[in-house]
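Chain by chain, the residues:
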Amino acid sequence: MKAYQLQDASGVDGMKLVDLPMPEAGPGQVLVRIKAVSLNYRDLLTVRGGYGSRQKFPLIPLSDGAGVVETIGPGVTGLKVGDRVVSSFFESWHGGEAEESKLRSALGGALDGVLCEYRVFPEHAVVKAPAHLSDAAAATLPCAALTAWSAVVKCGQVKPGDVVLTQGTGGVSLFALQFAKLAGARVIATSSSDAKIEKLKLLGADETINYKTTPEWGKLARSLSGRGVDIVVEVGGVGTLNESIRATRIGGMIGFIGVLAGQAQSEPRISLMVMQQQRLQGVTVGSIDDLKAMIAAIALHKLEPVVDRVFPFAETKDAFAYMATGAHVGKIAITIP
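Rules behind the numbers
Residues numbered from 1 in each chain as written. Predicted model: local features only at pLDDT ≥ 70, side-chain atom pairs only at ≥ 80, totals over all residues. Heavy atoms only, no water. Helix = DSSP H or I, 4+ residues; strand = E, 2+ residues; numbered from the N terminus. Rg over C-alpha atoms; globule rule 2.2 N^0.38 Å. Buried < 20%, exposed > 50% of the residue type's maximum accessible area, 1.4 Å probe, protein only. Contact = heavy atoms within 4.5 Å. Areas by Shrake-Rupley, 256 points an atom, 1.4 Å probe, with all protein chains shown as cover. Lys, Arg positive; Asp, Glu negative; His and termini not counted. Charge placed at Lys NZ, Arg CZ, Asp CG, Glu CD. Pairing = 2+ DSSP bridges. Axes fitted to C-alpha atoms, helices over the stretch in contact; angles between N-to-C directions. Polar contact = N/O pair within 3.5 Å; in protein donor to acceptor, adjacent residues only side chain to side chain. Phe/Tyr/Trp six-rings, centres within 6.5 Å; stacked < 30°, edge-to-face > 60°. Lys NZ or Arg CZ within 6 Å of the ring centre and 35° of its normal.

Draft legend 1. Quick look at the overall build of the chain. Within the chain, the secondary structure is distributed over 11 helices and 15 strands. Against the compact-globule benchmark of 20 Å for 337 residues, the chain has a radius of gyration of 20 Å, which places it among compact chains. Counting only C-alpha atoms, the chain reaches 60 × 40 × 35 Å along its principal axes. The buried share of the chain, reckoned over its 337 residues, is 53%. Contacts spanning at least 24 positions in sequence make up 69% of the contacts within the chain whose residues lie at least 6 apart. For the chain, the accessible area works out to roughly 14,000 Å², and carbon and sulfur atoms hold 54% of it. Treating the 34 positive side-chain charges of the chain as one cloud and the 32 negative ones as another, the clouds have centres 4 Å apart.

This is the structure in structure tokens:
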């Protein structure tokens, strides 16, 4: 089979298309023919060597894939040949609370990922894909969608009438907007461009803020919400944390996910967070049980992920280059023939 493999930390140029032996499904395993994969910002960090000495080489990158069960190993009872499935981010995190042993099983990091034609998975580690989604759309679910689900639904427990603030137009943020609207919440969405803001409105954002023209957007968000937002889906990291603290109501939650905004320009307002009894909740994807619950909701509501652009397998490096521009709205996918 063919696979893209990171040979070193030299960036996208260090990723080579290689021929590898065809894997075989063993007891309790399934062989999946990968039909589509999607990119996350984490994948861009990985190819750039952003994980330092923890990075293993060679490595097949990417965590998020969708495909078709090609063969099943002895003892497999819940899946059959021809089933459409999606991968799970953490193969060993079946359910329950996160633990160190469960978090060691991340695809495209600790374990080889899905940027390949075929991959063997434990039966428990793949979940049937929603029937209404294309392969490219289904491939967006394991990381970005589940991270948003964990922030909004599992940790945030958003209910009708709550106010949720999302940042930007990346995959996690758009899924968070969609899940918040499904829950009956009001959404305030930020972006750096008026063109992207128009797309956020089409997805259901109730209020929008251009954070380039309004650098102190936290104060405006607090004003728009009345008393402060109930939840911020924080993908910017320390670079946007102060404005998120400003935006959040007394007793509200900041779901801390990403590092997109870089370093903080000033000291974090930790004292304000303490005085307002806010909760800073780290969010790292979710378990296989969480993935099943989210996929059930997506199937029920026929939710459509926002896929900005789909690249063919041969143009994988171009897909990474496109992600690096930050021009995308939603997810970037790659189809594998």
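Draft legend 2. View of the sheet that holds strand E10 (residues 207–210). The strand order across the open sheet formed by 6 strands is E10-E9-E8-E11-E12-E13, and the pairing between neighbours is parallel. The two strands at the open ends of the sheet, each matched to only one other strand, are E10 and strand E13 (279–282). For this sheet, the mean inter-axis angle between neighbouring strands, taken without regard to orientation, is 20°. Direction of pairing for strand E12 (residues 248–256) relative to E13: parallel, over a ladder of 4 bridges. Pairing of Ile-254 across the sheet is with Leu-280, part of E13. Along the sheet face, helix H8 (residues 238–247) touches strand E8 (163–167), strand E11 (229–234), E12 and E13 and points at about 155° away from the line of E12.

Draft legend 3. Looking closely at the pairing of strand E1 (residues 2–6). Of all 5 residues in E1, 4 are buried; the element is thus mostly enclosed. Bridge count for E1 against strand E2 (residues 15–19) is 5 bridges, and the pairing is antiparallel. What sits directly across from Gln-5, in E2, is Lys-16.

Draft legend 4. Expanded view of the side chain of Ser-287. For Ser-287, the position within the fold is in the loop between E13 and helix H10 (288–301). A distance of 3.4 Å separates a polar side-chain atom of Ser-287 from the backbone nitrogen of Asp-289. Not counting the four nearest positions on each side in its chain, Ser-287 is found in contact with Trp-93, His-94, Gly-95 and Leu-146.

Draft legend 5. Highlighting the packing of aromatic side chains. Inspection of every chain in the model, using the stated rule, returns 6 aromatic pairs. On the numbers, 4.7 Å between centres and 75° between planes, the contact of Phe-89 with Phe-90 is edge-to-face. Take Phe-89: its relative accessible area is 6%, and that puts it in the buried class. For Phe-90, a relative accessible area of 4% puts it in the buried group. Centre to centre, the rings of Phe-175 and Phe-179 are 6.0 Å apart; their planes meet at 20°, and the pair counts as stacked. On the criterion of helical spacing, the pair formed by Phe-175 and Phe-179 is a turn pair, its members being 4 residues apart in helix H5 (residues 171–182). Judged by its relative accessible area of 2%, Phe-175 is buried. Judged by its relative accessible area of 2%, Phe-179 is buried. An aromatic cluster of at least three residues, connected via ring pairs, comprises Phe-89, Phe-90 and Trp-93. Sitting above the plane of the Phe-121 ring, Arg-119 keeps its charged end 4.7 Å from the centroid. Note that Arg-309 overlies the ring of Tyr-322, its terminal NZ or CZ placed 5.1 Å from the centroid.

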